[in-house]
Amino acid sequence: MKLTARIAWRSLAVAALALTVLTLRGSGPIAQELKLPSLRSLSVRPLRDPLAPPVVNLAVPGDVVRITFDELADDHRYLRYSLEHCDATWRPEGLVDSEFMDSFNEENIDDYAHSQATVVGYVNYAFTVPGPGMRLTEPGNYLVKVWDERDPDTLLATAHIGVCDYTVPVSAEVSAVTDIDARDSHQQLSLRLDTRHLDLADPYTDLKIVVTQNERPDMTRIITTPSRRVGQKLIYDHQRDLIFPAGNEYRRFDMASVDYPGLGVESINHETPVYNVTLSPDSPRKDENYLYDSTQHGAFVTRTIEADADGDHDTRADYALTLFTLYMPRLSGADVYIEGDLTGRRYSPTSRMVYNYDESRYELPLLLKQGAYNYQYVVLPDGSPSSTGLTAPVEGDKWETANRYTVRVYHRQRGSRFDRLVGFAVIGPTSTLNR
């Protein structure tokens, strides 16, 4: 590894201790994550739309998800991946390969490249799922498992993709008039499913509806009981689990250049072993009026102006130690976290901010690849049994927020051993929001 990359590594060593190599054991839900601190910048997006949720159409052979990530290293690994069918909550179902595919269930990750003219050296890996040699036969949730062929029992990365057959059309509305309050701080969904083409024995036991706000795992609700049935249509409305805190628009910054500050960047220091980027100071927005801003709901896009001519952003973008600062009094009995794809949507020591009493602010440095980023600040109370991040204490909950909701419909037929993904829809950012 280059000397500069070693120094960047050491600057994050304390935070990295929280991450360990894990293997896939047990039957609990499996998260999407990179398992080593040297692995960075996981992106899981459809090839046709790099900002859409990772769900593809089973009936369209060319519809695939592109997965990329980096390792801070000089030498590449020989990596392989396989798929495992999971239920609606990402628990492996224990199926044999022949129950969900008509092909071998392993492929090499042959698309790798070393970084070009970067201060921090890394190897970039990219592959598409399903791979060219894979033929999936069933819809559902698929866990992508990546390992080094020298150690197949230890996973290096796991990723989530959905494969849908679109048997059930889904429509939805979002309203700021909710069943729980009139404080302008929540949004409520109502859903309609058309099941005329589904062999559905009992809609009250055979279906699960999974609704997620802005692709946040902690903002996921599972609905099992329709409010009513009208012919072949199922209606889900006036349900407490379809009410979400409204939150606020994501904050954003752009560090496509390391020569001059971009959007949301205060300064760039070139006199250190790695680029040091200080973002513009943040402050709470909970008491401010709502201001619309077109964001990507917590996603990021790798980009550097150095690659604008040839388009090779994956290997020409550099890494920078990026400092986030949030000026506010220290919260008693709670911690502040940075939420978004840049932290893997996880609440851990690597995403928790530290309070600087001398500066009266929260701080957190993150080693990030050049690009455009979305993020927000969420709060977890100490000792809370819930792992749901609260937006109200810092960002505020504004009814006008243009949240994006994903709706996934799962069907488990009588006698079947697995959940089939039969409906999928994206709601918002939304003209359907009404009041």
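See the structure printed just above.
Our subject in this report is the structure included herewith. (Residues numbered from 1 in each chain as written. Predicted model: local features only at pLDDT ≥ 70, side-chain atom pairs only at ≥ 80, totals over all residues. Heavy atoms only, no water.)

In this fold, T315 is placed in helix α3 (residues 313–316). On the basis of relative accessible area, T315 is assigned to the buried category, the value being 3%. One polar contact links T315 to Q116, side chain to side chain, over a distance of 2.8 Å. For T315, the side chain forms a polar contact with the side chain of D312, separated by 2.7 Å. Not counting the four nearest positions on each side in its chain, T315 is found in contact with A113, H114, S115, Q116, T118, Y122 and N124. (Helix = DSSP H or I, 4+ residues; strand = E, 2+ residues; numbered from the N terminus. Buried < 20%, exposed > 50% of the residue type's maximum accessible area, 1.4 Å probe, protein only. Polar contact = N/O pair within 3.5 Å; in protein donor to acceptor, adjacent residues only side chain to side chain. Contact = heavy atoms within 4.5 Å.)

Most of strand β13 (residues 207–213) is tucked away, with six of its seven residues classed as buried. Here seven bridges tie β13 to strand β27 (residues 405–411), and the two strands are oriented antiparallel to one another. Counterpart to Q213 in the pairing with β27 is Y405. Here β13 runs beside strand β14 (residues 220–223); their pairing, made up of four bridges, is antiparallel. Each residue of the ladder has a partner; that of T212, found in β14, is T220. (Pairing = 2+ DSSP bridges.)

Our next topic: the pattern of salt bridges. Using the criterion set out here, one finds 32 salt bridges in the structure. Here D165 ties to R420 by a salt bridge, and the two come within 3.0 Å at their closest N and O atoms. In this pair, D165 is assigned in the loop between β10 (155–164) and β11 (170–175) and R420 in strand β28 (residues 420–427), connecting sequence segments 255 residues apart. Note on D165: relative accessible area 21%, which makes it partly exposed. Overlapping salt bridges, with partners in common, bring together R45, E215, E339, D341, R345 and R404 in one network. (Salt bridge = Lys/Arg side-chain N within 4 Å of Asp/Glu carboxyl O.)

We now examine the sheet that holds strand β25 (residues 361–369). Read from one edge to the other, the open sheet built from five strands follows the order β19-β20-β22-β25-β24, with strand pairing classed as mixed. If you trace the sheet from one side to the other, it starts and ends with β19 (265–269) and β24 (354–356), each paired once. With direction set aside, neighbouring strand axes in the sheet form an average angle of 30 degrees. Where strand β20 (residues 275–279) lies against strand β22 (residues 319–327), four bridges are found, and the strand directions are parallel. Paired with T278 across the strands is L323, a residue of β22. (Axes fitted to C-alpha atoms, helices over the stretch in contact; angles between N-to-C directions.)

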